[in-house]
Amino acid sequence: MRRIYFLVPDITTTKKIVEDLLLQKIEEKHIHVIAKRGTPLEDLPEANLLQKTDFIPAVEQGVALGGATGLLAGLVAVALPPASTVIAGGVLLATTLVGVGVGSWFGGMVGMSVGNRQIKEFEDAIEAGKLLVLVDVPTDRVAEIEDRVKQHLPQVEVEQTEPRVPSFP
């Protein structure tokens, strides 16, 4: 899946685009709209916390960093005289898993408090009243969906296409 970002000037045009995307068999759970705070989106699919924050990338970074730290702590524990080689594998596994758990938890907490880095560059346009639409599409349909959007809004420029989107949000 790839995430496409584009700005739309008003709610009426956004509704038309969303309806067309639904007709193109893009499920509503893959369409996300972000607007200025206080803007009524009516029946448009509003972006949730996972799209508005850096939760997923932060958890991924936390898992990597916590796992590496836990493994390093396990290696240090095994090197100390009281640890024996019989329990070395268990110590390494336990410290690595604890590191992964703690790292993912801390990473998730930090990610929830930080806005999505991809959306930051659109903040001025959103505050000016435009709507940011995020659409998650299969990689082979990116060009097709971009063309469908341009039928409704010829001057629209697809601002960005994210290289990959986690499949579970």
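Residues numbered from 1 in each chain as written. Predicted model: local features only at pLDDT ≥ 70, side-chain atom pairs only at ≥ 80, totals over all residues. Heavy atoms only, no water.

Participant: Describe the packing of aromatic side chains, naming the residues involved and giving the relevant values.
Facilitator: Under the criterion given, the structure shown has two aromatic pairs. Judged by centre distance (5.9 Å) and plane angle (15 degrees), the ring pair of Tyr-5 and Phe-122 falls under stacked. Taken together, the residues span a long stretch of sequence, with Tyr-5 in strand E1 (residues 2-8) and Phe-122 in the loop between helix H5 (117-120) and helix H6 (123-127) at a distance of 117 residues. The exposure class of Tyr-5 is buried, given its relative accessible area of 0%. Pairing Trp-105 with Phe-106 gives two aromatic rings, centres 4.9 Å apart and planes at 55 degrees, and the pair type is tilted. (Phe/Tyr/Trp six-rings, centres within 6.5 Å; stacked < 30°, edge-to-face > 60°. Helix = DSSP H or I, 4+ residues; strand = E, 2+ residues; numbered from the N terminus. Buried < 20%, exposed > 50% of the residue type's maximum accessible area, 1.4 Å probe, protein only.)

Participant: Requested: an account of the pattern of salt bridges, with residues and values cited.
Facilitator: In this structure the tally under the stated criterion is five salt bridges. Salt-bridge contacts for Lys-29 lead to Glu-27; the nearest nitrogen and oxygen are separated by 3.7 Å. We classify Lys-29 as exposed; its relative accessible area is 54%. (Salt bridge = Lys/Arg side-chain N within 4 Å of Asp/Glu carboxyl O.)

Participant: Break down the pairing of strand E2 (residues 31-34) for me, with residues and values.
Facilitator: Burial along E2 is two-sided: the residues Ile-31 and Val-33 and His-32 and Ile-34 are all buried. The sheet contact formed by E2 and strand E3 (residues 131-137) spans four bridges and is antiparallel. Opposite His-32, over in E3, you have Leu-134 as the bridge partner. (Pairing = 2+ DSSP bridges.)

Participant: Pulling in residues and values, what's your account of the packing of helix H1 (residues 11-23) against helix H7 (residues 142-152)?
Facilitator: Between H1 and H7, whose axes approach to 10 Å, the crossing angle comes to 145 degrees. Seen along the crossing, H1 lies across H7 with a hand that is right-handed. Packed against H1, whose contacting residues are Thr-13, Lys-16, Ile-17, Asp-20 and Leu-21, the element H7 presents Ile-145, Arg-148, Val-149 and His-152 at the interface. Looking at the contact of H1 with H7 residue by residue, the classes come out as four nonpolar, two polar and three charged. (Axes fitted to C-alpha atoms, helices over the stretch in contact; angles between N-to-C directions. Left-handed = near helix turned anticlockwise from the far one by under 90°. Contact = heavy atoms within 4.5 Å. Nonpolar A, V, L, I, M, F, W, Y, C, P; charged D, E, K, R; others polar.)

Participant: Explain a nonpolar patch on the surface to me, and be specific about the residues and the numbers.
Facilitator: Taken together, the side chains of Leu-71, Leu-72, Leu-75, Val-76 and Leu-80 define a hydrophobic patch exposed on the protein surface, amounting to about 450 Å² of accessible area. Among the structural elements, Val-76 can be located in helix H3 (residues 55-79). (Patch = residues over 30% accessible without salt bridge, like charges linked within 9 Å, V, L, I, M, F, W, Y side chains within 5 Å. Areas by Shrake-Rupley, 256 points an atom, 1.4 Å probe, with all protein chains shown as cover.)

Participant: How would you explain the UniProt feature "transmembrane region" (unreviewed entry) in the chain if you had to name every residue and give the values?
Facilitator: Those places that UniProt annotates as "transmembrane region" (unreviewed entry) correspond, in this numbering, to residues 62-80 and 86-110. For residues 62-80, the end-to-end C-alpha separation is 27 Å, with 95% helix and 0% strand making up the annotated structure. (UniProt positions renumbered as here; feature names shortened; annotations may be inferred.)

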